[in-house]
Structure formats: C-alpha cells, structure tokens
Amino acid sequence: MTLNPRLEYTPEVRDALQTGRPVVALESTIVSHGMPYPQNVQTAREVEAVVRQEGAVPATIAVIGGRIKVGLNDPELEQLGQDPTFGKISTRDLPHTVALGRNGATTVASTMRVAHLAGIRVFATGGTGGVHRGGALSMDVSADLTELSRSQVCVVSAGVKSILDIGLTLEVLETLGVPVLTLGSTEFPSFYSRSSGFTSPLTVDTPEQAAAVLRAKWDVCDAGMGGQPGQPGGALLANPIPHDAEIPAAEIAPHIDAALRDMDALGITGKDTTPYLLGRIVEITGGRSLVANIALVKNNAAVAARVAAAYCGMNMN
C-alpha cells in the first residue's frame, strides 16, 4: 500500500503496512492522562507486547513537536509518559497541535482519524466515549461517536465507559449507522463490568467472525459504484472485561455516583470530566479500578490483534 506522506511511521509499522501484515493502532491519552508514571509507560509497553505476541504490529499514535507519529520508539514513549506538555487532543485539536508544533496525546476519536489516514483498520483502547449522563440537556456527547461514523476503523473496547449514559450512547450509534458488535455475549458490557443491563445490538462469537463483518461492511455494503468512493464509517467491537478482573456493575455503580457528585461539586466540565472521573474512581476503590482498567486494555489488545490478523488474511486470499 502507498503510505500517507503527512505521517511519520516507525520502521516496524512502515514495513508491516507496506507488506500487508496486521497492525493495531493504540491511543496515547491512556498513557499521558490515564495512569500515573511509571505505571503508564510500563502498561503501554506491556500492551504493545501483547499485540506482538498475537502476531500483529502495535502502532501507538501521538503528536510530538507537531509531527503526527504512527508508532513510537522507546524514548518517545518515555516522553509521552512523563512530559506534562502533552495535551489531550481530540479531532478538533489536531490541526492546532500540528500547526503550532506542540505535543499531543490522541484520544479515541483522534486516534481513529490518524489510523484511518494511515490505513490501519483495527484499533484497541480501554473504553469508548459516548453520551455523558445528563447529555440530553447538556449536549455533552463524545466526538468518538461521530468519528466512528466517519473513519473506516474497528474500535475494540470493553464497551463504553460506565461513567456514561450507555443507553443513549447505543441509540446515537444506531442513528449514525455504526455496527455495534459484542464478542461472545448478547449483553453489551460496561467497561469495568461484563454487564450493563442493555442487550447488544449485534453479537459475534470469534475474532474471525468480527473480521468477516468488517470485510462485508467495507468491501461489500459500503463499497462505491463506478469508481466512486464508498461510504466511510467504522465499527465498534465490545470485548467484555475478563471474568477475574471484573468489578460487578452493582458494586461499581455507587463509586461512580460518588465520583460524579464530587465532579459536580468541583464544577469540572468538558474534556476534563473523563480523566477526573477515572482518577477519582481509582481513589475511591483503593486502586482496584486501575487494576481492572489495565487488565481490560491488555485483553482488548489481544483481541484486536486477532481481528487484524484475520482481516489481513481475508484480504490476502
């Protein structure tokens, strides 16, 4: 494939894309804003190792000095984990960060955008954003949802974050025409918990089935006619947290409610809400939610690598 000249690739990622081997995109906000140092960098390295163990190449995405990086080397990963100048950047922030030569850690939405530009079709993260509680009035809706309707990327996550309004999020995804699949369950997961109380719109039993859905979407259902470009858009593959790492929904719910009350009392809004809430829940649970978060991210990375390998295998045949 022809690589996008506006992006900077590590040699490992460049070679994999040019030779048609599976690549999994990874976000950088989870490193710079999701965990304390040095645990964040250690976890990032472990997640990349999981992807490699499953036969794919990891591509952690970030903006460093205004350059869009597809894959980070070890010094860059260390910089990402320690440097406070890395802002949390969504799709709206990408051009500003690039033009002014700044550092930025990409969110789910901006990672999707860059992965699409790079030709990477599978992306692993922790939890996807969505409609915030009270969003029907505040209109606080994550850019992750609209980006899922624009970028041809499959996002593998443990569902949407349980701090959000999961029901409204699923409704918006339906309106946007985004296929929402759950791996191995008819119930949609809720990040820390395997259950949410909401039925999954669609279910697949294996990563190979998920890859088949992606191929049908992008090569058949969304394909253009007469040389015209096809319909863009991605898919969400919800991968429930492993049983042994789960915090049951009934147990985590009061902690989330307490964190939401604390946030409201402090007047925190906008893009600061998710980092605050996740950090506050870590404090309230005595670190248990962080352990769960790390476990689900690694699990998602493994599944994403299997999906990417299956998808690449189909396109080779």
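Numbering of residues begins from 1 in every chain and follows the order in which that chain's sequence is written. Note on the predicted model: pLDDT of at least 70 is required for a residue's local features to be given, and 80 or more for side-chain atom pairs to be given and counted; whole-chain, interface and lining totals, by contrast, use all residues. Note that water and hydrogens are dropped before the side-chain values are worked out from all heavy atoms of the structure.

- As annotated in an unreviewed UniProt entry, the protein carries the name Pseudouridine-5'-phosphate glycosidase and comes from Deinococcus aquiradiocola.
- Database annotation for the protein, UniProt heading Function (unreviewed entry): "Catalyzes the reversible cleavage of pseudouridine 5'-phosphate (PsiMP) to ribose 5-phosphate and uracil. Functions biologically in the cleavage direction, as part of a pseudouridine degradation pathway."
- UniProt positions are given in the numbering used here, feature names are shortened, and annotations may be inferred rather than shown by experiment. Under the Subunit (unreviewed entry) heading, UniProt states for the protein: "Homotrimer."

Concerning the nonpolar core
- In this structure, Val24, Val70, Ile120 and Leu237 are the most contacted members of the largest nonpolar core, which totals 86 residues.
- Here, two residues are considered to be in contact whenever any of their heavy atoms come within 4.5 Å of each other. For Val24, the contacting residues outside a window of four places in its chain are Val51, Ala56, Val57, Pro58, Ala59, Ile120, Val122, Ala124, Ala304, Ala305 and Ala308.
- Each nonpolar core is a collection of buried residues, namely Ala, Val, Leu, Ile, Met, Phe, Trp, Tyr and Cys, held together in the definition by side-chain atoms within 4.5 Å. Burial classes: relative accessible area under 20% of the type maximum marks a residue as buried, over 50% as exposed, and values in between as partly exposed (1.4 Å probe, protein chains only). Counting 10 residues, the second largest nonpolar core, distinct from the first, contains Ala62, Leu72, Leu80 and Phe86.

Some points on the layout of surface pockets
- Size it by volume and the largest pocket reaches roughly 860 Å³.
- Put plainly, a pocket is an open set of points on a 1 Å grid over the protein atoms alone with protein on both sides within 12 Å along at least five of seven lines, a cavity is a set where a 1.4 Å probe fits but cannot get out, and a lining residue has an atom within 4 Å of a point. As for the largest pocket, its lining consists of 40 residues, of which Lys88, Thr107, Lys271, Thr274 and Pro275 are closest to the centre.
- Secondary structure elements with two or more residues in the lining of the largest pocket: helix H2 (29-32), helix H8 (143-148), helix H12 (273-284) and helix H13 (288-316).
- Looking at the lining of the largest pocket residue by residue, the classes come out as 13 nonpolar, 19 polar and eight charged.
- Computed from the structure, the second largest pocket encloses a volume of approximately 320 Å³.
- What lines the second largest pocket is a set of 18 residues, and nearest its centre among them are Gly20, Gly119, Tyr311, Cys312 and Asn315.
- Breaking the lining of the second largest pocket down by element, the ones donating at least two residues are helix H1 (11-19) and H13.
- No other element matches H13, which puts five residues into the lining of the second largest pocket.
- Its residues assigned to classes, the lining of the second largest pocket comprises 11 nonpolar, five polar and two charged. Grid points are joined across faces, edges and corners, and a volume is the space filled by probe spheres set on the points. Each helix is a run of H or I in the DSSP string that is no shorter than four residues. Each strand is a run of E no shorter than two, and both are numbered from the N terminus. Residue classes follow a fixed rule: Ala, Val, Leu, Ile, Met, Phe, Trp, Tyr, Cys and Pro count as nonpolar, while Asp, Glu, Lys and Arg count as charged, and any other residue, Gly among them, counts as polar.

Section: the environment of Ala309
- The residue Ala309 is located in helix H13 in this model.
- For the pair Ala309 and Pro207, spaced 102 residues apart in sequence, the C-alpha separation works out to 9.2 Å.

A closer look at the UniProt feature "binding site: Mn(2+)" (unreviewed entry) in the protein
- Mapped onto the present numbering, the UniProt feature "binding site: Mn(2+)" (unreviewed entry) falls on Asp140.
- What Asp140 contacts, discounting residues up to four positions off in sequence, is Gly130, Val131, His132 and Gly135.

Re unusual backbone geometry
- Residues Tyr37 and Pro38 are joined by a peptide bond in cis, for which omega reads 5 degrees.
- Among the secondary structure elements, Pro38 is positioned in the loop between H2 and helix H3 (39-53).
- Even without being glycine, Phe191 reaches a positive phi, approximately 70 degrees.
- Its location among the elements puts Phe191 in the loop between strand S9 (180-183) and strand S10 (202-204).

Thoughts on the state of the cysteines
- Our working definition of a disulfide is a cysteine sulfur pair at a distance within 2.5 Å. In the structure shown here, the tally under the stated rule is zero disulfides.
- Just so you know, Cys154 is unpaired, no disulfide at all, and the nearest cysteine sulfur is the one on Cys312, 13 Å from it.
- The class for Cys154 is buried, based on a relative accessible area of 1%.

Focus: the UniProt feature "binding site: substrate" (unreviewed entry) in the protein
- Per the UniProt record, "binding site: substrate" (unreviewed entry) is annotated on Lys88, Val108, Ser142, Ala143 and Asp144. In sequence the annotated residues extend across 57 residues, while in space they remain close, none of their C-alpha pairs exceeding 13.7 Å. Set against the largest pocket, the annotated residues named above that line it are Lys88, Val108, Ser142, Ala143 and Asp144.
- Turning to its location among the elements, Ser142 is positioned in the loop between helix H7 (135-138) and H8.
- A residue is classified by how much of its surface remains accessible, and Ser142, at 17% relative accessible area, is buried.
- Apart from residues no more than four positions distant in its own chain, Ser142 is found in contact with Gly129 and Gly130.

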